Amino acid sequence: GLRAYRTADRMPISDFETRGGMPIYPTFSADGRIVHSLNYVEANLNQWDVATGRLLRVDPIECPMYLVGIPGSERLAIGGADGTVRIYLEALSPADRRIPALTLRTPGTVHALAVSPDGSAIAAYRGDQEPLAIWRINAPPRTSSLVRIR
């Protein structure tokens, strides 16, 4: 399972309720009060309250492989086995959460993601023999324009 610790004294803050498969790629919300993680066995995005460890939400996500938060925003990026990078808003209702704010496409499975420190670009690792796919992403997320960097 997951456990949160204070960095100052390394004391546990909370243990997180888990169910199904092991949660992977935990990432904090922009305000630090929520932890998101993937369960790619059950194809879910999980959301926990940091203070209590209580599981708040489980949202179905298509083909999840990798999760990363986008700095300076309330957005999450999820790389998929289907070659997509979907960007979601954290605060959406469960019905709206199923619809990404932005979908990027690349051939092959997305094995890992990285976001620039300012949140303006995202890179997808697609395997040893493939070049990185890199896109510029602009705010606000619902009107983002994309430029493919070669």
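As shown above, the structure is provided for reference.
This structure is a prediction, so every number in the text was calculated from the model and none was measured.

Chemist: Which residues make up unusual backbone geometry, and what are the values?
Modeler: With phi around 55°, Y25 is a residue other than glycine that occupies positive phi space. Tracing the chain through its elements places Y25 in strand β3 (residues 24–28). Non-glycine residue C63 carries a positive phi angle of around 50°. Inspection of the secondary structure assignment puts C63 in the loop between β6 (55–60) and β7 (64–70).

Chemist: Outline the pairing of strand β4 (residues 34–39), supporting the account with residue identities and numerical values.
Modeler: Taking burial as the measure, the 6 residues of β4 include 6 buried ones, the bulk of the element. By the alternation rule, side chains of β4 split into I34, H36 and L38 and V35, S37 and N39, which are all buried. Pairing between β3 and β4: 3 bridges, direction antiparallel. Within β4, the residue paired with T27 across the bridge is H36. Counting the residues that bridge the hairpin from β3 to β4 gives 5 residues, and of these G32 lies at a positive phi of roughly 80°. The turn joining β4 and strand β5 (residues 44–49), which pair antiparallel and follow one another in sequence, is formed by 4 residues; a positive phi near 55° is taken by A43.

Chemist: Describe the pairing of β5, and please don't skip the residues or the numbers.
Modeler: Along any regular strand the residues' side chains alternate between the sheet's two faces. Among the 6 residues of β5, 5 are classified as buried, and the element is accordingly described as predominantly covered. Inspection of the sheet shows β4 paired to β5 by 6 bridges, in the antiparallel sense. Residue L38 lies in a different strand from β5, and its bridge partner there is L45. Looking at chain direction, β5 and β6 are connected through 5 bridges and run antiparallel. Opposite W48, over in β6, you have L55 as the bridge partner. Linking β5 back to β6 in an antiparallel pair, the connection comprises 5 residues, with G53 at a positive phi of about 80°.

Chemist: Explain the sheet that holds β3 to me, using residue names and the numbers behind them.
Modeler: Pairing is antiparallel in the open sheet, where 4 strands are placed in the order β3-β4-β5-β6. The open sheet has two edge strands with one neighbour each: β3 and β6. Ignoring strand direction, the axes of neighbouring strands in this sheet form an average angle of 20°.

Criteria and cut-off values
Residues numbered from 1 in each chain as written. Predicted model: local features only at pLDDT ≥ 70, side-chain atom pairs only at ≥ 80, totals over all residues. Heavy atoms only, no water. Helix = DSSP H or I, 4+ residues; strand = E, 2+ residues; numbered from the N terminus. Buried < 20%, exposed > 50% of the residue type's maximum accessible area, 1.4 Å probe, protein only. Pairing = 2+ DSSP bridges. Axes fitted to C-alpha atoms, helices over the stretch in contact; angles between N-to-C directions.

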